[in-house]
Amino acid sequence: MALARIARNGFRRSGGAVGTTYASEKDALCEGAYAPHKCQSLIGDVGTPSGGLSYLSSIKTPPFSSYGTRGMKTTPQYQFGHAQRVIEESDSEHESAKYPTLEATKPGEKPRVVVLGSGWAACRFLKGLDTKLYDVVCISPRNHMVFTPLLASTCVGTLEFRSVAEPVSQIQTALAKDPNSYFFLASCTDVDTDKHEVYCETVDDGGLSSEPYHFKVAYDKLVIASGSEPLTFGIKGVKEHAFFLREVTHAQEIRKRLLLNLMLSENPGMSEEEKERLLHCVVIGGGPTGVEFSGELSDFIMRDVRQRYAHVKNYIRVTLIEANEILSSFDVGLREYATKHLTKCGVRLVRGIVKEVHPNKIVLSDGSDVPYGLLVWSTGVGPSEFVKSLNLPKSLGGRIGVNEWLQAPSVEDVFALGDCAGFLEQTGRPVLPALAQVAEREGKYLVELFNRIGKQNRGKAFAAKDVPLGDPFVYKHLGSMASVGRYKALVDLRQSKDGKGLSMAGFVSWFIWRSAYLTRVISWRNRVYVAVNWATTLVFGRDNSRI
């Protein structure tokens, strides 16, 4: 009865008329609601004859079918403020009631596949998905894929940044053209596997009037390929003062800092000690990324800095710090070759463990201080906070646990691949390394599985329970490659660390390295970019403009 009085008073104050209707009040209250059954129960209570509110069926309400576009619905603005407030309070435990929603697909519509991420695994999956069978929604905080093997080259101007970035909408054109397929620039914050919904927060650099902006998307099949995050091992100061090398924005920041330090060191009045600190580039981590960046940096110093920054050419130096051996997954002979070559090119190799990172120096476990002007952190990757927060089984290392078909076995219609996924212990398989070729192969396998399911009309939610998924995923390592600078590279074609196979180093390996990656760049546009950039750098040197 209290609710009836509130609604009646709100109606009187609103000055609404009785008679002409667009929709019933029951429809108005339930439109866009998170829990429709609760809304129906509430209206049923206040709309009973004993409540004396039979006139609610003729109350005039605004036409909120116009809210949103192409299936996106928002919470309507009710004409009756008191009634709205009661509904919001009664449903306060479901804050997502206010979320705009891309609603679940209806009978007769194509099933919807939601892909979280735009890395190697996600983009290989998107590229091969048959959009005649599925609608696809990609949700990622970046709208492009990064060709990570060549990212280190962009830091010193060997390649331009656009050469290693491929827009997602060009990898899968349906995202830009099909009416029911979308790309959303957002980060996924939660997954409700029971309701088949993902909850998202938009990426915003201050352009939105209110932030953060949230929405939810219903799915028939969910593919989690959200990648990983750099491992910092909880070391104090790493996130605040070190640069990572995983995104184009990271490479841009490194390039700006490197060139800034070079130019600042030439200013009059700069002390010798400060020059040495500013021009000391420190790389933490002796894996392929750290070694390739060190090689590119030493090549940049030898070929370009000595010519264009003659006043400070004797101050700039590179130090690579690794706790064990560099390139530990490579053949012993190749590791020794890399060590000798980097040392010859002026890279100082230090074995040590970082204890703390300060704004201008790092402290090693033996108590020694290492001043720096540029610090690049490349010590491997681990699961992201988003992956850790998901209520899904985890594999060793904290990744999302999957079975032999890359499916999360405890829930329906959820698959995971790439750096964020790993085989569960009960499968008897090892967790695969976080490599681009692993992610790409998983994406290729899973998209073929999805296309088979779609052709059997089993793409809808809960429709593939008893469908045989075919052969399980099997990974076969194709080998590893790494550039060490000065037209030298390593090629290790062994299928495992202890296996046998071809291993080679030198100029021929460098030629193979470049040829292989040129063919692996996703689009012909980017292949042309890369080839032209390499030729331009060879003839004219690297560009040292700080833009």
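Note that this is a predicted model, so its numbers are computed, not measured.

A short note on the sheet that holds strand β24 (residues 488-492)
Then step 1. Within the open sheet, the 3 strands sit side by side as β23-β24-β25. Their pairing is antiparallel. If you trace the sheet from one side to the other, it starts and ends with β23 (480-485) and β25 (503-506), each paired once. Across the sheet, the axes of successive neighbouring strands diverge by a mean angle of 10 degrees, strand direction being ignored.
Then step 2. Seen against the sheet, helix α13 (residues 332-344) touches β23, β24 and β25 and runs at an angle of roughly 170 degrees to β24.

A look at the packing of helix α10 (residues 248-264) against helix α12 (residues 288-308)
Then step 1. For the pair α10 and α12, interaxial distance at closest approach is 14 Å and the crossing angle is 35 degrees. Considering only the axes of α10 and α12, their crossing is right-handed. Of α12, the residues touching α10 (which contributes I254, L258, L259 and L262) are F293, L297, F300 and V305.
Then step 2. Of the residues belonging to the contact of α10 with α12, the class tally is 8 nonpolar, no polar and no charged.

Observations concerning the environment of D366
Then step 1. Within the secondary structure, D366 is located in the loop between β16 (361-364) and β17 (369-371).
Then step 2. Through-space distance from the C-alpha of D366 to that of K355 is 8.7 Å; in sequence the pair is 11 residues apart.
Then step 3. Of the polar contacts made by the side chain of D366, one reaches the side chain of S368; its length is 2.7 Å.

Brief notes about unusual backbone geometry
Then step 1. Positive phi, normally seen in glycine, also occurs at H196, with a value near 55 degrees.
Then step 2. Phi is positive for D413, close to 65 degrees, though the residue is something other than glycine.
Then step 3. Look at D413 and you get buried, because its relative accessible area is 3%.

Observations regarding the nonpolar core
Then step 1. Counting residues in hydrophobic clusters, the biggest one holds 120 residues, and the most contacted among them are I139, L150, V198, I224, F293 and F450.
Then step 2. With 8 residues, the top contributor of residues to this core is helix α15 (residues 436-455).
Then step 3. Residue contacts for V198: discarding those within four places in its chain leaves V114, I139, C188, D190, V191, F215, K216, V217, Y219 and L222.
Then step 4. Membership of the second largest hydrophobic core comes to 16 residues, among which are I284, V357, L364 and W377.

As for the sheet that holds strand β12 (residues 280-284)
Then step 1. Read across the open sheet, the 4 strands follow the order β14-β13-β12-β18; overall the sheet is parallel. Two strands close off the open sheet at either side, each with one partner strand: β14 (347-351) and β18 (374-377). Pairwise comparison of adjacent strand axes, ignoring direction, gives a mean angle of 20 degrees for this sheet.
Then step 2. As judged from the 5 bridges shared by strand β13 (residues 317-322) and β14, these two strands associate in the parallel manner. Residue pairing across strands places I321 opposite V350, the latter belonging to β14.

Structural notes on a nonpolar patch on the surface
Then step 1. Together, Y487, F507, V508, F511, I512, L538, V539 and F540 make up a nonpolar patch on the protein surface, roughly 830 Å² of accessible area in all.
Then step 2. For the nonpolar patch, the elements supplying multiple residues, two or more each, are α16 (507-520) and α17 (524-540).
Then step 3. Per-element tally for the nonpolar patch: the top contributor is α16, with 4 residues.
Then step 4. Tracing the sequence through the fold places V539 in helix α17.
Then step 5. For V539, a relative accessible area of 60% gives the class exposed.

Points about α12
Then step 1. For α12, with 21 residues, the first-to-last C-alpha span of 29 Å sits near the 30 Å given by 1.5 Å per residue.
Then step 2. At I301, α12 shows its strongest bend, of approximately 40 degrees.

Some details on the state of the cysteines
Then step 1. For the structure shown, the criterion picks out 0 disulfides.
Then step 2. The closest cysteine sulfur to the non-disulfide-bonded C188 is located on C200, 4.8 Å from its own sulfur.

Focus: the packing of α16 against α17
Then step 1. Contact pair α16 / α17: the axes reach a minimum separation of 9 Å and the direction vectors enclose 150 degrees. As judged from the angle between their axes, α16 and α17 are roughly antiparallel. In this structure, the crossing between α16 and α17 has a hand that is right-handed. Packed against α16, whose contacting residues are R514, L518 and T519, the element α17 presents R527, V530, A531 and W534 at the interface.
Then step 2. Looking at the contact of α16 with α17 residue by residue, the class counts come to 4 nonpolar, 1 polar and 2 charged.

Thoughts on the packing of aromatic side chains
Then step 1. Per the stated rule, a full pass over the model turns up 12 aromatic pairs.
Then step 2. For the ring pair F415 and F450, a centre distance of 5.0 Å and an interplane angle of 70 degrees mean the geometry is edge-to-face. Remark: F450 occurs in helix α15 and F415 occurs in strand β21 (residues 414-416); sequence separation between them is 35 residues. Exposure class is identical for F415 and F450. Each is buried.
Then step 3. Between the NZ or CZ atom of R429 and the centre of the ring of F423, over which it lies, the distance is 5.1 Å.
Then step 4. A cation sits over an aromatic face here: R527 above W524, 4.6 Å from the ring centre.

Cut-offs and rules
The written sequence of each chain sets the order in which its residues are numbered from 1. In keeping with the model being predicted, local features are shown solely for residues with a pLDDT of at least 70 and side-chain atom pairs are shown and tallied solely at 80 or more, while totals for entire chains, interfaces and linings include all residues. Each side-chain value is derived from all of the structure's non-hydrogen atoms; neither hydrogens nor water enter the calculation. Strand pairing is assigned whenever DSSP detects at least two bridges linking the two strands. Only runs of H or I of at least four residues qualify as helices and only runs of E of at least two qualify as strands under DSSP, and these elements are numbered from the N terminus. In this analysis, axes come from line fits to C-alpha atoms, helices being fitted only over the stretch in contact, and the angle between any two N-to-C directions falls in the range 0 to 180 degrees. Note on definitions: a residue-residue contact is assigned when non-hydrogen atoms from the two residues lie within 4.5 Å. Should the near helix be turned anticlockwise from the far one by less than a right angle, the crossing is termed left-handed; should it be turned clockwise, right-handed. Three residue categories are used. Nonpolar comprises Ala, Val, Leu, Ile, Met, Phe, Trp, Tyr, Cys and Pro, charged comprises Asp, Glu, Lys and Arg, and polar comprises the others, including Gly. Any pair of nitrogen or oxygen atoms within 3.5 Å is treated as a polar contact; in protein, a donor-acceptor pairing is required on top of that, and neighbouring residues in sequence qualify only through side-chain atoms on both sides. With a 1.4 Å probe rolled over the protein chains alone, any residue whose accessible area is under 20% of its type maximum counts as buried; one over 50% counts as exposed, and the rest are partly exposed. Side-chain atoms within 4.5 Å are what join buried Ala, Val, Leu, Ile, Met, Phe, Trp, Tyr and Cys residues into a set we call a nonpolar core. By definition, no residue in a patch forms a salt bridge, and every one has over 30% relative accessible area; like charges are joined within 9 Å, nonpolar side chains (Val, Leu, Ile, Met, Phe, Trp, Tyr) within 5 Å. In this description, accessible areas are obtained by the Shrake-Rupley approach with a 1.4 Å probe, and a residue is regarded as covered only by the protein chains that are shown. For this document, the term salt bridge refers to a Lys or Arg side-chain nitrogen within 4 Å of an Asp or Glu carboxyl oxygen. Each helix should span, by expectation, one fewer than its residue count multiplied by 1.5 Å. Throughout, the bend at a residue refers to the angle made by two axes, fitted to the seven residues ending there and to the seven starting there. Cysteine sulfur pairs qualify as disulfides if the two atoms are within 2.5 Å. Each angle gets one of four labels, with under 35 degrees taken as roughly parallel, over 145 as roughly antiparallel, 65 to 115 as roughly perpendicular, and the rest as oblique. Aromatic rings from Phe, Tyr and Trp, taking only the six-membered ring of Trp, are treated as a pair when their centres fall within 6.5 Å; an angle between ring planes under 30 degrees marks them as stacked, one over 60 as edge-to-face, and anything in between as tilted. In this scheme, Lys NZ or Arg CZ marks a charge over a ring once it lies within 6 Å of the ring centre and within 35 degrees of the ring normal.

None of this, on its own, says anything about what the molecule does.
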